[in-house]
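# Close look at the chain arrangement
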Amino acid sequence: MELRQLEYFIQVCKSGSLTKAKEELGVTQPTLSQQIRVLEDEYNIQLFDRVSRGVEVTEAGKILLNKGNAIMNLLEEARNEIVGRINKSRETISIGCCPAELEYLAPYFMRFHQKYPNILLKIIDAEDAENKVLEQRVDIGITAYPVSDTSLISTHLYRQEMALLIHSEHALANKSSIPFRFLKQMNSIMFREQNKSLLDMYCFSSGFALKSSIETSSTSVLIHWVRHGLGAAIIPISLLESLRDDSLRIVKLEGHIPRWDISLVYLHSVTMRPMARLFIQEMDSYVREVEVNLPCSGN
């Protein structure tokens, strides 16, 4: 007897007719009838009485139904136990990541998951990634801010530089780069909220305040607005390099360029789990592979 035949038999018992059972099982009635006959031939006994409204289970059929249900229940218990064991052994790595980098690092998180499907990545949007690590609320932090606490180990990952994204019909469209101070003359600058403090600091040190027209948390929204001629956007250059759009131009900034260093941090005093160490190694390998460290003055 095959499990498939037992499954067919149990469904016929539940449905009370071959017609209803074949619809539930998604098979043809000849196939269902043939499998029931095979089962009856194996036991050399009739399992159903054919009646006007369908079929009725014989006494012998009731015995097989009772034992068959027990077999199916045992198989389900085994399946659940196996799945539970797999899930129990599945490790979780919690990552506190500064929001400004989530969009850029998303492909890495996806690649890591595909390479190690049994490791659960728990990504937490965290402006204060350093504190999250210190409080042991996450295993690893990814931050754009300098780390001062000596109980933390900080590993430099890559440097982010800002560039200007403009429409192809913009007055600066024929420029490959402009001095940062030129932004003082522009009245329609847009940028991500996550980059506001960095841009404000660079503008202040250059002696002017940025005249922003729109602030948003979404890079895709900024690109959409630039595409429709609503202004120029200051966006991390790493997010612009893959753009392939004839209606857009990238203008690099010269001199006092807004930039920040992205670091990976974790506690020095805690024995690191192998999976967390693996994540760090893979992260370092990834950023080197995609050459995120862009050429820039002073780098």
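See above for the structure.
What this report covers is the structure whose coordinates are included nearby. Keep in mind that what you see is a predicted model, and the values were worked out from it rather than measured.

## Re the pairing of strand β11 (residues 248–254)
Pairing analysis gives five bridges linking strand β6 (residues 152–167) to β11, with the strands arranged antiparallel. The partner of alanine 163 across the bridge, within β11, is lysine 252. Bridging between strand β7 (residues 177–179) and β11 involves three bridges; their strand directions are parallel. Bridged to isoleucine 178 within β11 is leucine 253.

## What about helix α8 (residues 219–227)?
Taken together, the buried positions of α8 are Thr219, Leu222, Ile223 and Val226. In a view along the axis of α8, the buried residues occupy a sector of 95°, so they form one face of it. Check the buried side of α8 and you find it contacts α5 (99–115), β6, β8 (189–192), β9 (212–216), β10 (232–236) and β11. Looking one or two places after α8, you find glycine 229, whose phi comes out positive at around 70°.

## Topic: the nonpolar core
Core analysis: the largest hydrophobic core is formed by 64 residues, its most contacted members being Leu164, Leu183, Phe279 and Met283. Non-local contacts of methionine 283, meaning those with residues more than four positions away in its chain, are made with Leu105, Tyr108, Phe109, Ile142, Leu157 and Leu264. Of all hydrophobic cores here, the second largest spans 16 residues; its members include Val12, Leu32, Leu47 and Leu64.

## With respect to the packing of α5 against helix α9 (residues 274–289)
Running from N to C, α5 and α9 point in directions that differ by 130°, and their axes come no closer than 11 Å. Viewed along their axes, α5 and α9 adopt a mutual orientation that is oblique. You can see that α5 and α9 cross each other, and the crossing is right-handed. Here Leu105, Pro107, Tyr108, Phe109, Arg111, Phe112 and Lys115 of α5 come into contact with α9, specifically with Leu278, Phe279, Glu282, Met283, Tyr286 and Glu289. Partitioned by chemical class, the residues of the contact of α5 with α9 number nine nonpolar, no polar and four charged.

## Here we look at the packing of aromatic side chains
Tallying each qualifying case throughout the model produces 10 aromatic pairs. With centroids separated by 5.4 Å and ring planes inclined at 70°, the aromatic side chains of tyrosine 108 and phenylalanine 279 adopt a geometry described as edge-to-face. Here phenylalanine 279 lies in helix α9 and tyrosine 108 lies in helix α5, a separation of 171 residues in the sequence. A relative accessible area of 1% means that tyrosine 108 is categorised as buried. Judged by relative accessible area, which is 0%, phenylalanine 279 ranks as buried. Aromatic pair phenylalanine 180 and tyrosine 202: ring centres 6.4 Å apart, planes at 70°, arrangement edge-to-face. Taken together, the residues phenylalanine 180 in the loop between β7 and β8 and tyrosine 202 in helix α7 (residues 196–205) connect sequence positions 22 residues apart. Residues phenylalanine 180 and tyrosine 202 agree in their burial class; the two are buried. The structure contains a cluster of three or more aromatic residues connected by ring pairs, namely Tyr108, Phe109, Phe112, Tyr116 and Phe279.

## Focus: unusual backbone geometry
With the exception of glycine, the majority of residues adopt a negative phi angle, and the majority of peptide bonds are in the trans configuration. Not every positive phi belongs to a glycine, and asparagine 44 is a case in point at roughly 55°. Residue classification places asparagine 44 among the exposed positions, given a relative accessible area of 71%. In the Ramachandran plot, glutamine 136 falls in the positive-phi region, its phi being about 55° despite a non-glycine side chain. Considering the arrangement of structural elements, one finds glutamine 136 in the loop between α6 (129–134) and β5 (140–143).

Conventions we followed
- Residues numbered from 1 in each chain as written.
- Predicted model: local features only at pLDDT ≥ 70, side-chain atom pairs only at ≥ 80, totals over all residues.
- Heavy atoms only, no water.
- Pairing = 2+ DSSP bridges.
- Helix = DSSP H or I, 4+ residues; strand = E, 2+ residues; numbered from the N terminus.
- Buried < 20%, exposed > 50% of the residue type's maximum accessible area, 1.4 Å probe, protein only.
- Arc of directions from axis to C-beta.
- Contact = heavy atoms within 4.5 Å.
- Core = buried A, V, L, I, M, F, W, Y, C linked by side-chain atoms within 4.5 Å.
- Axes fitted to C-alpha atoms, helices over the stretch in contact; angles between N-to-C directions.
- Parallel < 35°, antiparallel > 145°, perpendicular 65-115°, else oblique.
- Left-handed = near helix turned anticlockwise from the far one by under 90°.
- Nonpolar A, V, L, I, M, F, W, Y, C, P; charged D, E, K, R; others polar.
- Phe/Tyr/Trp six-rings, centres within 6.5 Å; stacked < 30°, edge-to-face > 60°.

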